[in-house]
Amino acid sequence: MNSHTTPAVFLDRDGVVIEDGHYLGSPDRVRLVPGAAEAVAALNRSGWRVVIVSNQSGVARGMFTERDVDSVHAHLADLLHGYGARVDAFHFCPHHPEGEVPEYRLACECRKPSPGMLVRAAAELRIDLAASWMIGDRVTDLEAGAAAGCRTVLVRTGYGSRVNTAGLDRDALALELVAADLADAVAKLGLARQHKRAA
């Protein structure tokens, strides 16, 4: 790993860190997945950057605004702070090629399965993508992580409970583990034991 870069754990938001609220645009609907906050805190203590990367097509569909998404993330950050946990950066894609709001109706490079959000975060935070992980509950999360050069993990919370893992191309998805939830993933990968490897 380059001495001037640091590894990260990229997390999908809905279904991984918080309960999947289906087009969640209001802070009062935010509910943490059990164990997720403690898992993020463990990653923080071990020197990992933690970055949330989330598709939020509800913006393109006119269901809520980018400011609403920012409010959700501010509330989530406050909830995590209560557990001694933090997210280093929130990235979200407000676009959808069939969106109803013209300015957001486009095929972009940031909407997963494209890796744009991970690549942008890596540039901003000097992240070593090859030493990083993408943890999500959808195949599109895994595809985005693999396209960015990360190893990936599927969790069974959120939409992950419906994914047929037998049909997944683990090599193409760089899939290392199927875990019960975020806390299980962090424990089984030993990520909380890997102490600071970069400044």
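Use the structure listed above.
Residues numbered from 1 in each chain as written. Predicted model: local features only at pLDDT ≥ 70, side-chain atom pairs only at ≥ 80, totals over all residues. Heavy atoms only, no water.

Asker: Sorry, what's going on with the environment of Val40 here?
Answerer: By secondary structure assignment, the location of Val40 is in helix α1 (residues 36–45). Each C-alpha atom of the pair Val40 and Leu182 lies 8.6 Å from the other, and the pair is 142 residues apart in sequence. For Val40, the contacting residues outside a window of four places in its chain are Leu11, Val50, Ala85, Arg86 and Leu182. (Helix = DSSP H or I, 4+ residues; strand = E, 2+ residues; numbered from the N terminus. Contact = heavy atoms within 4.5 Å.)

Asker: Teacher, can you tell me more about the side chain of Ser132 here?
Answerer: Relative to the elements of secondary structure, Ser132 occurs in the loop between α3 (116–125) and β4 (133–136). According to the relative accessible area criterion, Ser132 is buried, its value standing at 0%. Within the structure, Ser132 has its side chain in polar contact with the backbone nitrogen of Ala8 (distance 2.9 Å). In terms of polar contacts, Ser132 uses its side chain to reach the backbone carbonyl oxygen of Asp128, at 2.7 Å. (Buried < 20%, exposed > 50% of the residue type's maximum accessible area, 1.4 Å probe, protein only. Polar contact = N/O pair within 3.5 Å; in protein donor to acceptor, adjacent residues only side chain to side chain.)

Asker: Would you explain the side chain of Asp137 in this entry?
Answerer: Examined against the element boundaries, Asp137 turns out to sit in the loop between β4 and α4 (139–148). One buried charged residue, Asp137, remains without a salt bridge, the closest side chain of opposite sign being Arg138 at 4.6 Å. Asp137 has contacts with Asp12, Asp14, Gly15, Val16, Leu154, Val155, Thr157, Gly158, Tyr159, Gly160 and Val163, leaving out every residue within four places of it along the chain. (Lys, Arg positive; Asp, Glu negative; His and termini not counted. Salt bridge = Lys/Arg side-chain N within 4 Å of Asp/Glu carboxyl O.)

Asker: Before we go on, may I ask you to explain the packing of α1 against helix α6 (residues 182–189) in this structure?
Answerer: Between two packed helices, both the angle of their axes relative to each other and the distance between the axes serve to describe the pair. Between α1 and α6, the shortest axis-to-axis distance is 8 Å and the interhelical angle comes to 35 degrees. Where α1 approaches α6, its residues Ala36, Ala39, Val40 and Leu43 are matched on the opposing element by Leu182, Ala183 and Val186. A per-class count over the contact of α1 with α6 returns seven nonpolar, no polar and no charged. (Axes fitted to C-alpha atoms, helices over the stretch in contact; angles between N-to-C directions. Nonpolar A, V, L, I, M, F, W, Y, C, P; charged D, E, K, R; others polar.)

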